[in-house]
Amino acid sequence: RMRRERFWFCLEEERKVKANDREYNEKFQYASNCIMTSKYNMLTFLPVNLFEQFQEVANTYFLFLLILQLIPQISSLSWFTTIVPLALVLSITAVKDATDDYFRHRSDNQVNNHQSQVLIRGSLQKERWMNVRVGDIIKLENNQSVVADLLLLSSSEPHGLCYIETAELDGETNVKVRQSVSVPAELGDPNNLATFNGEVVCEPPNNKLDRFCGTLYWRDKKYPLTNQNMLLRGCVLRNTEACYGLVIFAGPDTKLMQNSGRTKFKRTSIDRLMNTLVLWIFGFLVCMGVILAVGNAVWEKEVGSLFQSYLPWDPPVDNFLFSAFLSFWSYVIILNTVVPISLYVSVEVIRLGHSYFINWDRQMFCSQCNTAAEARTTTLNEELGQVEYVFSDKTGTLTQNIMSFNKCSINGQAYGKGTSREKNTLDFTPFNPLANPDFCFYDEKLLESVKVGDWHSHEYFRLLSLCHTVMSEEKSEGELVYKAQSPDEGALVKAARNFGFVFRSRTPGTITTTELGRTVTYSLLAILDFNNIRKRMSVIVRNPAGRIRLYCKGADTVLLERLHPCNQELMTITSDHLNEYAADGLRTLALAYRDVSEEEWEVWSESHRSADKAVDCREDRLAAAYDKIEQDMMLLGATAIEDKLQEGVSETIALLSLANIKVWVLTGDKQETAVNIGYSCKMLTDDMMEVFTISGRTVQSVRQELGEGQEGDGVAGDDQLQGSPCPLPPTYLMDNISGEFGLIINGHSLAHALEADMEVEFVSTACACKAVICCRVTPLQKAQVVELIKKHKKAVTLAIGDGANDVSMIKSAHIGVGISGQEGIQAVLASDYSFAQFRFLQRLLLVHGRWSYLRMCRFLCYFFYKNFAFTMVHFWFGFFCGFSAQTVYDQFFITLYNIVYTSLPVLAMGIFDQDVPDHRSLECPKLYEPGQLNLLFNKKEFFICIAQGIYTSVVLFFMPYAVLSNATQSTGVPLADYQTFAATTATALVIVVSVQIALDTGFWTVINHVFVWGSLGLYFTIMLALHSQTLFRIFPKQFHFVGCAQSTLLQPVVWLTIALATAICIVPVLAFRFLKLDLKPQLSDTVRTHLRKPAESRLGARGGSRSGYAFAHQEGFGELITSGKNMRLSSLGLASFASRHSSSWIETLRRKNTPPKEPCSSFL
C-alpha cells in the first residue's frame, strides 16, 4: 500500500538509474522518497473506517435491527433506542482510530519534511526528503541520517571511506565502514559530480540488508558494486565530514521500508470469539422468533379468528400467516437485547480504564530516563493475559549494549571479584595518569601484580594493547578516544589502558603504545585477520629490540588446541576458569603468544605474500598460511567481559518461564554473543539435557539437523500443530518431554527452515524446546518467525524490541511492545505498548494482562447472564399473551435496564476487580495459565452463563405468575393484572442481578459499593418517578403505569414473591460455588484463601563445560589497516563484525594443579 501502483512493479527484474538525469529515470516511474505509514487520508477515512468497524458482526447486526425498527408495522420499540447507542459506538471508535492515525501522519510529515542537500543543475540546493528522486546526488554531512538507499560516490575521508551507524537497521550501535566506488580520482571532487552521468544497473528493490549486487557503467568501463558501497536509509553518518551518494532506491523501495511490514488491524481472540457468539445468538434469536411466530399463526387461526368481529387485524394484515410473518420480525426486535449494543460501549470503556491503569503504574516508570509505560492502543489489553510466546530482540532490549572487563585469568591465577557496588573500585589515577576514570575493576591483586613487574601480567596487557583493530584519536594530550569495531574489543583495549599499557596510535606499519609511562613503537608486520572459521585473530609485531612475536586471541575451542604441549597444566587451570566465566554468562577469549625467529618470519612472509596475491582460492591459501604460524603457542590466560544485561532481565525471563510463557530471542547479532546472553539471562542453562545448534547452509543439512533435534527431544511430529487430527493442549508438549532443551539457529539455516516444505518440522522442533535463539536474522525473518508461530500454533504472540529493525516483528505479532531505548522511537511508534526497560514486561503480562483478561471474562459472563435473564422473560410471556409481541416490562424499563440500572455495577467490576493482589500475581506466576488455556471465557463458559440466565428468567416469570394469579390486596382487589406483574418481575430482576454481581465481585472498592447499591436505589427512585401522576398529567400518552409502583410495592405478597424468586435464583449458585471451592478449588482460590507465599524457584547450578567465546569481528579489515587505506588524521570508526558460533563445546580437563613454570624466553 505504501508503494505506488505501477503496472510493472511485479515484473521488475533489474533497476536502471542514470545519475543527474531525472527525465530518464522518471520514465520508469520509480517510487518517490515520500513514505506513508498511516492508514487513512481525508477522503478514505470515513468509508474505510466504517468498513473496518462493520467487520464487527455486532455492528452489522445492530444496523440490521435499526432498519427493522424503522418499519412501524413490526416495531414495538422506538428507533432511537438503537441508533443512538450505535452512533455512539461508531463515533467513539472512529475518534480513537483517527487520533492514532493522526500521530502516524504527524510522524510521516516530520520525516518527509526533513531537509537534504541535492545536487541540482550543478549546485547544491535544499530539498525536502519527500522531493528526492531516484538518480539524484545527495550530500550528507557528519551525524546526518541517510535520506535514501545511496551508492557512495565520494567521501571527505582518505580512500573514499565513510563511517556509519546502523542501529536503525540491525540494532547494532557500533560504527561500520563503507567505501566509495573505485572510480577515477576526479569523481572525488564535488565540482565534477554535476557532470557525472554514470548508469547503474542493479537488482530490483528487496529486503536483504546484507546484500547488494550491481554494476556502474561509466566512460566505457564497468565497476562492480557490492553492499560495501551502499549507504542504506536509516543509517547515520558518523566521524565523516561529508560524502556524496547517488539515490538508487527511494521511499517505500528502500530496504528499511521493505523490512518494515504493514500496519495491521489487530483484533483479540475474545473479539473473534464474540463475533462467533453473536452469530450463534442471532441464530438462537431467529429460532425463538420462529417458535413464537408459529405460535402466533396457530393462535390467530384457532383463537384469534373468534375475535375478528370486534378486534380485527390491523392493515395490511389479512390472514394468520402474514400476521405470523410480522410477529417474527417484531420478536426479533424485542428479543435483540440478548446482545445489546451497550455491551460494546462497555467493553471500550473497560479497555480504556485498563489502559489508564498501565499508564499510571508507578512501578513501570523508569526514573533514569523519566519514561512511563504507555498503552498506545486500547483494544488488546485482555490479550496481554493470554500470551504464550514472547519474541524478543537482544541488543538494547535484553542488554544495555555496554561491555565491561569483569574478570581475567593470567598464568593460572584468577582475578576479579565481580561488580558489586559494595566493593571499592580501584583508583588507577595515581598509578597511571592516562587511565580512564570510567573504568571499574575491583581486585587490587591484579594492579599489584602489574606494579611489582610480574612478567605474565605485563605480557597479558601488552597483548591486549597490540592485538586488535581499534583506532585511536587523541583530541588533546592524554585525552584518548577509541573507535572500536565492537564494544567488547574496545573494553579489552580500555582495560589494558588502565593497567598501564596504553594504545596511543597506529599507522599501516606501526603501533605506538605507552607502557608504564614509557612510549614504545612496534613494527606491525602482519595482521592475521579474523573470520568465521578461524575464530581468532593474531598480530605479528617487532619490538624496538628487533625481536618478533606473534600475539593471538580467540575462542578457547580453537586456540587451546594450537598450544605447545608444555602448556598442559596451565591449560587445565585456565579451562576451569573459562568454564566458571562462561557459567556466569561472561564473554570469554583465550590469549596466547609465540616467538618467531627471523628465518621463520622470512619464510612465512614469502608464503603469505604469495597467498595474498593468489587469484584462485585466495581465502583458503591465506587460512593455510595463518594456520601454519599459529602453532605451538604459549598460553597467557583468558579474558571475561560482561555484556551488561538490563536490570531484572533474568528475573523477568524466569518468571515468564514459570508462567509457561516461552521466550524466543530473535537478533541480528552474532551467534556467540546471543548464546552468552542466553546463559546470562538464564534462558539457557547447563541443566538442559541438550542445546541443539542448527547451522546448515543447505536445505539437506538443515533438514538433517532438525531431524536429529526431533530424535533428541522426542518430538512426536505434527500432532502438536494446529489442524492435526488430535490437537494437543499448549502444555502437553513440554509435559511429555523428559528434560529441557534449547535450540540455536542462524539466519542462513532459518531461511531454509522457513520454507513451506520444512516449516512444520522447524515449528515442531522449536516449540518442543524451552528456549529458542535465532541469530543473524534480518528484520523480515523476525516477522516470518512470528507469522509461522501464529500460523501453526494456537497461541497469542508478543514481540518486543527497541529499534527500527524490530518494527516488522512488532507489527506481525498479536501484541507489539516497544522499548524506548537508545535506538530511536520507530519501535515505539509501531508498538501497541511501550516502556523503558524489559523488566517491566513481567508486570505488564502477569499483573495488568492477567487482571485485564480476568476482568473482561467476568464482565462478559455476567453481561450475557443478565441480558438473557432480562430478555428470555419476553419469550415465556409470549405463550401467555397470544404471541402478540407484547413486552413484559414498561418501555422505559427496557430502555434504561442496560443503560442505567445495570451498567455501572458491571463496569466497576470490569475495571476494578481482582482475584489476588498484584504482588501475589508475581509471586505465583502459575496464576497466568488460565488465560493461556482460555479457561475463563470460552464457548463452554458462555453456554453456562446463558443457561443460568435462562434459568433465572424462568424463575422470574413463573414465580410471580404463579403467586400473583391468585393473590389479592388487603382490600380484596386481585393482583393478577399486567402492570402489577410487570413491576414485580422488573423489581425482582434488578434485585437478582444486583445480588449476583455482588457475588461475582472479588475485590470491593468504594466505587463498587456506590455503583451496586446506588444503581439499586436509583432503580426505585426512577420507577417511582416514572409511575407518578405528575408525569402522567404532562405526558398522558407516554406514561401508562401511573400509580403502579406505589400500589405494587406496598403489598407484602409482592415482596414475598421477590424474596422467594431471589432465593431460588441465588441459592443454587451459592451452593455450587461453595462445593467447587471445597472440592476443586482453583489456584487463585488457594492463594486468596491461605495467602501463602509460593516457594522461590531455585535455578540449578550449572555443570559441565561450555565455551563463553564471543568475538565481534568479521574478515577483511586487518588487510584494510595494513594497506593504510583507513588511516586519517581525524577520528576514525570501523565496522562491527560478527562470527558464527561453533556447535561443539570444548571438553575441559577438571584437574587442579599448581601454576606452571615461567617460560625461558622474554620478549622485553
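Conventions we followed
- Residues numbered from 1 in each chain as written.
- Predicted model: local features only at pLDDT ≥ 70, side-chain atom pairs only at ≥ 80, totals over all residues.
- Heavy atoms only, no water.
- Buried < 20%, exposed > 50% of the residue type's maximum accessible area, 1.4 Å probe, protein only.
- Helix = DSSP H or I, 4+ residues; strand = E, 2+ residues; numbered from the N terminus.
- Pairing = 2+ DSSP bridges.
- UniProt positions renumbered as here; feature names shortened; annotations may be inferred.
- Contact = heavy atoms within 4.5 Å.
- Polar contact = N/O pair within 3.5 Å; in protein donor to acceptor, adjacent residues only side chain to side chain.
- Core = buried A, V, L, I, M, F, W, Y, C linked by side-chain atoms within 4.5 Å.
- Phe/Tyr/Trp six-rings, centres within 6.5 Å; stacked < 30°, edge-to-face > 60°.
- Lys NZ or Arg CZ within 6 Å of the ring centre and 35° of its normal.
- pLDDT = per-residue confidence, 0-100.
- Salt bridge = Lys/Arg side-chain N within 4 Å of Asp/Glu carboxyl O.
- Expected span 1.5 Å × (residues − 1).
- Axes fitted to C-alpha atoms, helices over the stretch in contact; angles between N-to-C directions.
- Parallel < 35°, antiparallel > 145°, perpendicular 65-115°, else oblique.
- Nonpolar A, V, L, I, M, F, W, Y, C, P; charged D, E, K, R; others polar.

Visitor: Looking at this model, I keep getting lost on the pairing of strand β1 (residues 15-18). Mind explaining?
Guide: Two faces belong to every sheet, and in a regular strand the side chains alternate between them. Alternating residues of β1 divide into R15 and V17, all buried, and K16 and K18, none buried. Inspection of the sheet shows β1 paired to strand β8 (residues 199-202) by four bridges, in the antiparallel sense. Paired with K16 across the two strands is V201, which belongs to β8.

Visitor: Explain the UniProt feature "binding site: Mg(2+)" (unreviewed entry) in the protein here, please?
Guide: Per the UniProt record, "binding site: Mg(2+)" (unreviewed entry) is annotated on D393, T395, D802 and D806. With the annotated positions falling across 414 residues, the maximum pairwise C-alpha distance of 10.8 Å places them together in a single cluster. In this structure, T395 sits in the loop between β15 (387-392) and β16 (399-410). Look at T395 and you get buried, because its relative accessible area is 6%. Tracing the backbone through its elements, the reader meets D806 in the loop between β31 (796-801) and α25 (807-812). When sequence neighbours within four positions are dropped, the list of residues in contact with D806 reads D393, K782 and G801. At 2.6 Å, the side chain of D806 forms a polar contact with the side chain of K782.

Visitor: Please explain the nonpolar core as it appears in this structure.
Guide: Counting 104 residues, the largest nonpolar core has V339, L343, L860 and F893 as its most contacted members. Counting residues in hydrophobic clusters, the runner-up holds 49 residues, among them F428, A484, Y522 and L589.

Visitor: Would you mind showing me how to read unusual backbone geometry here?
Guide: Where the residue is not glycine, phi is negative for most of them; where a peptide bond is considered, it is trans in most cases. You will see that N370, though not glycine, has its phi angle at about 55°, which is positive. Its location among the elements puts N370 in the loop between α10 (342-360) and β14 (374-375). The backbone of N934 shows a phi angle near 55°, a positive value even though the residue is not glycine. Considering the arrangement of structural elements, one finds N934 in the loop between α31 (929-932) and α32 (939-964).

Visitor: Help me understand the packing of aromatic side chains in this model?
Guide: For any pair of aromatic rings, geometry is given as the distance between the ring centres together with the angle between the planes. For the coordinates displayed, the defined rule picks out 62 aromatic pairs. Measuring from centroid to centroid gives 6.4 Å for F877 and F981, while their planes differ by 20°, and the two rings are stacked. Taken together, the residues F877 in helix α27 (residues 840-878) and F981 in helix α33 (residues 978-1000) connect sequence positions 104 residues apart. For the pair F877 and F981, one class covers both residues: buried. Taken together, a centroid distance of 5.1 Å and an interplanar angle of 65° make the contact between Y1019 and F1020 edge-to-face. Residue classification places Y1019 among the buried positions, given a relative accessible area of 2%. Here R362 stacks its cationic end above the ring of F365, 4.7 Å away from the centre of that ring.

Visitor: Is there a simple way to explain the confidence of the model for the protein in this structure?
Guide: When pLDDT drops low, the exact placement of atoms in the prediction is not to be read closely. Within the protein, residue pLDDT values average 82, and 85% of them lie at 70 or more. This stretch, residues 715-738, has a pLDDT under 50; its non-local contacts, to residues over four places away or in other chains, come to 37 contacts. The model gives residues 1092-1103 a pLDDT under 50, and that stretch makes 21 contacts with residues more than four places away or in other chains.

Visitor: What's the story with the sheet that holds strand β2 (residues 115-120) in this structure? I'm lost.
Guide: Consider a sheet: its strands pair through backbone hydrogen bonds, and that pairing is either parallel or antiparallel. Spatial ordering of the open sheet is given by β3-β2-β4-β13-β5-β11, a layout of six strands whose pairing is antiparallel. Two strands lie at the open edges of the sheet, namely β3 (123-128) and β11 (230-231), each paired on one side alone. Note that strand β4 (residues 137-141) and strand β13 (residues 242-249) share five bridges and pair antiparallel. Within the sheet, the bridge partner assigned to E141 lies in β13 and is A242.

Visitor: In this structure, what is going on with the pattern of salt bridges? I would like to understand it.
Guide: Opposite charge on two side chains lets them pair, provided their charged atoms get close. Summed over the entire model, instances satisfying the criterion amount to 38 salt bridges. Between R549 and E459 there is a salt bridge, with its nearest N and O atoms 2.5 Å apart. Of this pair, R549 sits in strand β24 (residues 548-554) while E459 sits in helix α12 (residues 455-466), placing them 90 residues apart in sequence. Here R549 matches E459 in class, with each residue buried. Residue D627 pairs with R536 through a salt bridge whose shortest N-O separation is 3.4 Å. Highlighted residues: D627 in helix α17 (residues 618-629) and R536 in strand β23 (residues 536-542), separated in sequence by 91 residues. Look at D627 and you get partly exposed, because its relative accessible area is 26%. Of the residues examined, R536 reaches a relative accessible area of 3% and is grouped as buried. Because the salt bridges share partners, they merge into one network encompassing R534, R536, E561, R562, D627 and E630.

Visitor: Quick question: what am I supposed to make of α12 here?
Guide: Each full turn of the α-helix corresponds to 3.6 residues, which orients residues three or four apart in the same direction. Here α12 contains twelve residues, and its C-alpha end-to-end distance of 16 Å stays within 8% of the 16 Å for a straight helix at 1.5 Å per residue. Among the twelve residues of α12, twelve are classified as buried, and the element is accordingly described as predominantly covered.

Visitor: Would you explain the packing of helix α23 (residues 759-767) against helix α24 (residues 779-792) in this entry?
Guide: When two helices pack together, their arrangement is captured by the angle between the axes and the distance separating the axes. For the pair α23 and α24, the least separation of the axes is 11 Å and the interaxial angle reads 90°. With respect to α24, the axis of α23 lies roughly perpendicular. Mapping the contact onto sequence places E759, V760, F762, V763 and C767 in α23 and L788, I789, K791 and H792 in α24. Residue composition of the contact of α23 with α24, by class: six nonpolar, one polar and two charged.

Visitor: Explain the sheet that holds β1 to me, please; I cannot follow it from the model alone.
Guide: Here we have four strands laid out as an open sheet, ordered β1-β8-β9-β10, and antiparallel in their pairing. Where the open sheet ends on each side, the last strands, each with one partner, are β1 and β10 (221-225). Shown here is a sheet whose adjacent strand axes are inclined to one another by a mean of 20°, direction ignored.

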